[in-house]
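# Analysis of the macromolecular model
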Amino acid sequence: MNMIVCVKQVVDPETPAASFKIDPEAKRALVSKDKPMVISPFDENAVEAALKVKDAAGEGKVMILSMGGESAKDVIKHSLAMGGDEGYQMTDPAFDDVDSYATAANLAEAIKKIGEYDIIFCGRQDADWDAGQVGTGIAEILGIPSVTAVKKAEVQDGKAVVERVLADGYETIEVTLPALFTVSNEIGEPRYATLKGIMAAAKKQVTNWSSSDVTAAQARSQMLKIYIPVHEGECEIIEGETAEEAGTNLALKLREAKLI
Amino acid sequence: MADVMIVGEIIEGKLSASTTEILGAARKLAGDLGQNVCAVLLGSGIGDAANEAISFGADKVYTIENEMFADYTNDAYVGALEKLNAEAAPEIILMGQTSNGMDLAPRLAFRLGSAATLDCIDLTIDPDTKLMQKTKPVYGGNAVAVYVSEAKPQIATVRSKTMDPLAQDTSRSGEVVAFDPGLDSSAMRQKVVDKVKEEVEGIKLEDADVVVCGGRGVGSAEAFEELRELAKQLNGALGASRPPCDSGWVPNNIQIGLTGKMVAPTVYIGIALSGSSQHQAGMSGSKNIIAINKDAEANIFGISHYGVVGDYKKVIPAFAEKCKELLSG
Ligand SMILES: Cc1cc2nc3c(=O)[nH]c(=O)nc-3n(C[C@H](O)[C@H](O)[C@H](O)COP(=O)(O)OP(=O)(O)OC[C@H]3O[C@@H](n4cnc5c(N)ncnc54)[C@H](O)[C@@H]3O)c2cc1C
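### Description of the overall build of chain B
Within chain B, the secondary structure is distributed over eight helices and 18 strands. Taken against the 2.2 N^0.38 rule, which gives 20 Å for 329 residues, the C-alpha radius of gyration of chain B at 22 Å falls within 12% of a compact globule. Each of the 329 residues in chain B was classed as buried or not, and the buried ones make up 59%. Within chain B, residue pairs in contact and separated by at least 24 positions form 61% of the contacts whose partners lie at least 6 positions apart. Carbon and sulfur atoms make up 46% of the accessible area of chain B, which totals about 12800 Å².

This is how it looks when you write it as structure tokens:
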């Protein structure tokens, strides 16, 4: 069972609104010096999904692929430390600032270059642009079936059986292989890297590709502008001698405002 | 003439709320472009939903009715819409930011050689270029970006509760056309073998007028029971931020936020949650936001109308008690 997991390095999505800033030239978030970039959380779930399939099969190879800046190596190493087997990194200015289509097309090219695969896993949505298109997009470009928002993936009799999260429940889908799945947090907490895993990952070579190895695709959409929305209005803090009294006063206030 | 096309969804025989909102948005765009609105409904047993689409603003409805479309799979839906696109050549295709819409839009766009933007909260036509400008939150809602694409059809999914439906008018007239995409069912690579409904009892979260929402600070499944009681008492529904769902204190389907449910109740009460941008994405449209948090610096206060700074374990029982008294009196 050969699996490829696409992972992306992002600005920490837990950055509070108050310290979130935009670089107006680059039209993207400023990376703060004291908050390191992280693996996009759903991509970490995707690594976990692949490792679960590998555990269940008792064999298999999990290949980690990331397109990004030089530092994208950190998220590849992180995924290798969790249990991934091989790392592939695509770094080139031609891969920067592309739209979801070009991102999917570039990753699909790299996947063709990697060659053999049974399952590709991606996160259901990146934590920076919240685009939610790259996984399905890769599948479309490669011409393989895809299922999004997967919370469980198993392989049975040469087919994949996956559970897809719906608004009010889930559905079970049988899919022919090779296939691509985008993974949701319901798959369960990503495993921690063990010390052994971290040491093994440190020794692993990551294959580096530039646009001379993987032809860069052209974007099909442009961002015209990006801005931080302003919230108007004031919060009225309801006080009380004690916390209990504040609770009582809140109820009275809401009654006065005809809200309850 | 090119059209603004929407892909509708049917829930228990009726158009979904988000479908009526998208029809409203499509009408506006079509007005600016001087075009018509057409709706596509796929499924088996579409019945009266086609007429319903006309009453909510469609000029023409394509029905694609076949067992193959009873369950959503992107092989079948993308295949059918690819065929319909070749015939109808719409300028724009809109759909909901739903489980199916977000799966369908990118795959359809790339199949048709165009691009999509997901989870839009505003759609306008640039008067000069006549292209659709698509506004969507990014960075979990910390920022908002505007996108445009020259490739046709221009495709977008629309966040629920961000656009207004037209008032239903059953006297509107329109045309219903059955369309057969002629797909080979044996070529479908995905098969839905089971569907499990996990419904929450009581009022539906998305429709509730009052939402009581707990966060990580609530601390346990037992403590959530108290919030459930409070929600019931206020005739509302219980919601949660993501950590309580991930911890198994409450089911995943009551998660509110970017990757959960979108709510816009009259009253939203957020308890022991910080108000991350991703959570706000699902509730900032609430008319009155009330926050209880022990940290006066918590982000949630930034968008709240009323707040109490304090330990919810002390604030909430007294609050609930007083509400009970006021409601019975
Ligand atoms: C791509 C992506 C999508 C996401 N989608 C969602 C989503 O849809 N919905 C969502 O909610 N999150 C989502 N998240 C997660 C989000 O980033 C936050 O991690 C999450 O919302 C935090 O939840 P919280 O506010 O409950 O927890 P915390 O941020 O840990 O806040 C807990 C709060 O409780 C307060 N508190 C603790 N104890 C008490 C007490 N006794 N009394 C009063 N106050 C107390 C604390 O002061 C604190 O403010 C997403 C993240 C990513 C990256």
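### Let's talk about the interface of chain B and chain A
Contact with chain B, which involves 79 residues of that partner, is made by 77 residues of chain A. Of the roughly 6800 Å² buried at the junction of chain B and chain A (both faces included), carbon and sulfur atoms supply 57%. When the area that chain B buries against chain A is broken down by residue, the three leading residues are Phe110, Tyr139 and Tyr306 of chain B, summing to 12%. Joining chain B to chain A, the criterion identifies four salt bridges. Salt-bridge contacts for arginine 111 of chain B lead to glutamate 140 of chain A; the nearest nitrogen and oxygen are separated by 2.5 Å.

### Concerning the site of the ligand
Taken together, 30 residues surround the ligand, and among them Glu14 of chain A together with Arg216, Ser241, Ser274 and Asn293 of chain B come closest. This site is not confined to one chain, since residues near the ligand come from chains A and B. Histidine 279 of chain B has a polar side-chain atom sitting 3.1 Å from an oxygen atom of the ligand. Contact with the protein chains hides 89% of the accessible area of the ligand, taken as 990 Å² for the molecule alone. Residue composition of the shell around the ligand, grouped by class: 10 nonpolar, 14 polar and six charged.

### A word on the sheet that holds strand 14 (residues 210-214) of chain B
Spatial strand order, 15(A)-18(B)-17(B)-16(B)-14(B)-15(B): six strands in an open sheet with parallel pairing. Strand pairing shows two members of the sheet lacking a second neighbour, strand 15 (236-237) of chain A together with strand 15 (237-240) of chain B, which therefore form its edges. Pairing geometry for strand 14 of chain B and strand 16 (residues 267-271) of chain B, over five bridges, is parallel. Bridge pairing links glycine 214 of chain B to isoleucine 271 of chain B in strand 16 of chain B. Where helix 5 (residues 221-233) of chain B meets the sheet, it contacts strand 14, strand 15 and strand 16 of chain B, and its direction lies at approximately 140° from that of strand 15 of chain B.

### Observations regarding the side chain of serine 114 of chain B
One can find serine 114 of chain B in the loop between helix 4 (99-111) and strand 7 (116-120). Setting aside anything within four residues of it in sequence, one finds serine 114 of chain B in contact with Arg220 of chain A together with Ala109, Ala151, Lys152, Pro153 and Ile155 of chain B.

### Some thoughts on the environment of alanine 70 of chain B
When you line up the elements, alanine 70 of chain B lands in the loop between strand 5 (60-65) and helix 3 (74-88). Taking the C-alpha atoms as reference points, alanine 70 of chain B and glutamate 225 of chain B, separated by 155 residues in sequence, lie 37 Å from one another.

### A short note on helix 3 (residues 100-114) of chain A
Every α-helical turn comprises 3.6 residues, leaving residues that sit three or four positions apart pointing alike. Residue and element names in this part refer to chain A. End to end, helix 3 covers 21 Å across 15 residues, agreeing with the expected 21 Å (1.5 Å per residue, within 8%). Among the 15 residues in helix 3, 12 count as buried, and that is most of the element. Taken together, the buried positions of helix 3 are occupied by Ser100, Tyr101, Ala102, Thr103, Ala104, Ala105, Asn106, Leu107, Ala108, Ala110, Ile111 and Ile114.

### Considerations on the domain arrangement of chain B
Reports often express the size of an interface as the amount of accessible area lost when the parts come together. All names here are of chain B. Domain annotation for chain B reports domain 1 (4-187) and domain 2 (205-328). Domain 1 and domain 2 are separated by 33 Å when their C-alpha centres are compared. Contact residues are listed per partner, giving eight residues for domain 1 and eight residues for domain 2. A buried area of about 600 Å², summed over both sides, lies between domain 1 and domain 2, and 52% of it is on carbon and sulfur atoms. Per-residue buried area on domain 1 facing domain 2 is highest for Gly140, Arg159 and Lys161; these three make up 75% of the total on that side. Across the contact surface, domain 1 and domain 2 share zero salt bridges. Of the residues assigned to the side of domain 1 that touches domain 2, the class counts are one nonpolar, four polar and three charged.

### Focus on the packing of aromatic side chains
If you walk through the whole model with that rule in mind, you get eight aromatic pairs over all chains. Ring plane angle 55° and centroid distance 5.1 Å describe the contact between phenylalanine 20 of chain A and tyrosine 139 of chain B, whose orientation is recorded as tilted. Of this pair, phenylalanine 20 of chain A sits in the loop between strand 2 (9-10) and strand 3 (22-23) while tyrosine 139 of chain B sits in the loop between strand 9 (132-138) and strand 10 (143-148), on two different chains. On the basis of relative accessible area, phenylalanine 20 of chain A is assigned to the buried category, the value being 6%. Judged by centre distance (5.3 Å) and plane angle (35°), the ring pair of tyrosine 88 of chain A and tryptophan 209 of chain A falls under tilted.

### A few points about the state of the cysteines
Residues and elements named next belong to chain B. A full pass over the atoms with the stated rule returns zero disulfides over all chains. Residue cysteine 38 stays outside any disulfide, its sulfur separated by 18 Å from that of cysteine 120, the closest cysteine. Its sulfur unpaired, cysteine 245 is 8.5 Å from the next cysteine sulfur, which belongs to cysteine 213.

Calculation criteria
- Residues numbered from 1 in each chain as written.
- Chains lettered and ligands numbered in written order.
- Predicted model: local features only at pLDDT ≥ 70, side-chain atom pairs only at ≥ 80, totals over all residues.
- Heavy atoms only, no water.
- Helix = DSSP H or I, 4+ residues; strand = E, 2+ residues; numbered from the N terminus.
- Rg over C-alpha atoms; globule rule 2.2 N^0.38 Å.
- Buried < 20%, exposed > 50% of the residue type's maximum accessible area, 1.4 Å probe, protein only.
- Contact = heavy atoms within 4.5 Å.
- Areas by Shrake-Rupley, 256 points an atom, 1.4 Å probe, with all protein chains shown as cover.
- Buried area = accessible area lost by both parts, 1.4 Å probe.
- Salt bridge = Lys/Arg side-chain N within 4 Å of Asp/Glu carboxyl O.
- Near = heavy atom within 4 Å.
- Polar contact = N/O pair within 3.5 Å; in protein donor to acceptor, adjacent residues only side chain to side chain.
- Nonpolar A, V, L, I, M, F, W, Y, C, P; charged D, E, K, R; others polar.
- Pairing = 2+ DSSP bridges.
- Axes fitted to C-alpha atoms, helices over the stretch in contact; angles between N-to-C directions.
- Expected span 1.5 Å × (residues − 1).
- Domains from an automatic or database assignment.
- Phe/Tyr/Trp six-rings, centres within 6.5 Å; stacked < 30°, edge-to-face > 60°.
- Disulfide = S-S within 2.5 Å.

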